[in-house]
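Residue-level listing of the chains:
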Amino acid sequence: MIDVDALTVRFKTNAGAVDAVRDVSFHVAQGEAFGLVGESGSGKSTILRALSGLTPGAQGTVRIAQQGGVAQKRAVQMVFQDPYGSLHPRFTVDQTLREPLRINRIGQHEERIVNALREVGLNASFRFRYPHQLSGGQRQRVAIARALIVEPRVLLLDEPTSALDVSVQAEILNLLKRLHRERNLTMILVTHNLAVVSFLCSRVAIMRNGVIVEELDVGKIRAQEVDNEYSRSLLLATNGYQRKAVGALGIDAAL
Ligand SMILES: Nc1ncnc2c1ncn2[C@@H]1O[C@H](COP(=O)(O)OP(=O)(O)O)[C@@H](O)[C@H]1O
Ligand SMILES: [Mg+2]
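Residues numbered from 1 in each chain as written. Chains lettered and ligands numbered in written order. Predicted model: local features only at pLDDT ≥ 70, side-chain atom pairs only at ≥ 80, totals over all residues. Heavy atoms only, no water.

K.L.:
I tried to follow the pairing of strand E2 (residues 16–28) on my own but got confused; where do I start?
P.N.:
For a regular strand, side chains alternate in direction, first toward one face of the sheet and then toward the other. In this sheet, E2 lies alongside strand E1 (residues 2–13) in antiparallel orientation, the contact comprising nine bridges. Bridge pairing in E2 places Val9 opposite Val21. Remark: two residues form the turn of the hairpin made by E1 and E2, two consecutive strands paired antiparallel. (Pairing = 2+ DSSP bridges. Helix = DSSP H or I, 4+ residues; strand = E, 2+ residues; numbered from the N terminus.)

See the structure below:
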C-alpha cells in the first residue's frame, strides 16, 4: 500500500543543510497499522509530511498504491497532535466537515456530516459548536471525522493523543483501533509512547537522527526482544513509566 524507498529530506538552515530524514525505506501493507517511534527531532513528522505530499524538497520515492494527483490528496489524510491548532477557530464543526467535501467535490453533505460525527462518537448536536466550545477529546474526534469524511485509504496520525489528558487518551486510542478494524484503513502512527504503538500497531520502526535503526514486530517489543542497542535503551528508559501509563490509560498494551 505504501512504499517508501530511499527517502531523504534536506532542510537548508542558517547553520547549513540538515538531513531531517536520511535514506529511509519501509513498506506498509494494505490495512496494516505501522508505528514510527523515536525521540523528538528524529524525523518522524518529516516522514509523515513527505507521505502527504507536503514536502517539496524530498528525494527518493514515496508510492501510495493506485492513487495519483488529486485522488492521492484525498486518499491520504492526516491527524495532528494539537486538535485546537488544527481546527479553524471561527469554523463550526459543520463548516469544518463541509470544507473537505466541497474541495473534493463530494455530494450529500448533510448525510455525510451526521454520519462522520456519529462514527467518532459525537451526536448531531455538535454540528454548530465552535472549537472553543469543545473539550480536547471532542476536538480530536472532530479532527478525526474531518480526516475520515473523504473516505481516505491511508490515515497518518502524528502524536494524536499526546496533547490529551490520560483518561481521554484511552478513549481516542480505542476509537482509532475500532476505525482501523472497521474501515480496513492503512495507518501510520507517530508516537514516542511504546504503549500506544503496541496497542494500535503490528509493526514499528524505531528512528534516531533521521534514520530507521530497527524495524520490529510489536510482539518483540512486548517480549522485549530488541536487537538494536538504541531501541533497547528507548524501551528500558520508558519501561517503568510505560507500566504506569498503560495502567492509567486503561488499554491492553502491557509491555
Ligand atoms: N522546515 C524545517 N526547516 C528546518 N529544519 C527542520 C524543518 N522541519 C524539521 N526540521 C528539523 O528536522 C529534524 C526532524 O524534525 P521532525 O521530523 O519534526 O522530528 P520529530 O517529528 O521526530 O520530532 C529536526 O532536527 C528538526 O529541527
Ligand atoms: Mg514530530
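K.L.:
What is the right way to read the sheet that holds strand E9 (residues 211–217) from this model?
P.N.:
The strands making up a sheet are joined through hydrogen bonds of the backbone, oriented either antiparallel or parallel. Read from one edge of the open sheet, six strands run E5-E6-E7-E3-E8-E9, paired in mixed fashion. Each edge of the open sheet is held by one strand with a lone partner, namely strand E5 (76–79) and E9. Averaged over all pairs of adjacent strands, the angle between strand axes in this sheet comes to 20°, irrespective of strand direction. Of the strands in this sheet, E5 and strand E6 (154–158) touch helix H6 (residues 136–148), which is tilted by about 175° from E5. (Axes fitted to C-alpha atoms, helices over the stretch in contact; angles between N-to-C directions. Contact = heavy atoms within 4.5 Å.)

K.L.:
I would appreciate a short explanation of the packing of aromatic side chains in the present structure.
P.N.:
Within the structure shown, the criterion is met by one aromatic pair. Arranged with centres 5.0 Å apart and planes meeting at 10°, the rings of Phe26 and Phe34 form a pair that is stacked. Considered together, Phe26 and Phe34 belong to a single accessibility category, that of buried residues. Against the face of Phe199 rests Lys177, its NZ or CZ located 4.3 Å from the ring centre. (Phe/Tyr/Trp six-rings, centres within 6.5 Å; stacked < 30°, edge-to-face > 60°. Buried < 20%, exposed > 50% of the residue type's maximum accessible area, 1.4 Å probe, protein only. Lys NZ or Arg CZ within 6 Å of the ring centre and 35° of its normal.)

K.L.:
So what exactly am I meant to see when it comes to helix H5 (residues 109–119) here?
P.N.:
Each turn of an α-helix holds 3.6 residues, which means side chains three or four residues apart point in the same direction. Buried residues of H5: Ile113, Ala116 and Leu117, and no others. An end-on view of H5 places all buried positions within 100° of arc, on one side of the element. Where H5 is buried, its residues touch helix H4 (93–103) and H6. Two residues or fewer past H5, Gly121 is found with a positive phi of approximately 80°. (Arc of directions from axis to C-beta.)

K.L.:
Looking at this structure, I do not really get the pattern of salt bridges. What am I missing?
P.N.:
Close approach of charged atoms allows side chains with opposite charge to pair. This structure, assessed with the given rule, holds 13 salt bridges. Residue Arg98 is joined to Glu110 by a salt bridge in which the shortest nitrogen-to-oxygen separation is 3.1 Å. With Arg98 in helix H4 and Glu110 in helix H5, the pair connects residues that are twelve residues apart, well separated along the chain. Of the residues examined, Arg98 reaches a relative accessible area of 25% and is grouped as partly exposed. Through salt bridges with shared partners, a single ionic network connects Asp94, Arg98, Glu110 and Arg127. (Salt bridge = Lys/Arg side-chain N within 4 Å of Asp/Glu carboxyl O.)

K.L.:
Looking at this structure, how should I read the sheet that holds E1?
P.N.:
If you walk across this open sheet you meet the three strands as E2-E1-E4, and the pairing is antiparallel. Unpaired on one side and paired on the other, E2 and strand E4 (58–64) mark the two borders of the sheet. For this sheet, the mean angle separating the axes of adjacent strands, direction not counted, is 20°. Pairing between E1 and E4: six bridges, direction antiparallel. Bridge pairing links Val4 to Val62 in E4.

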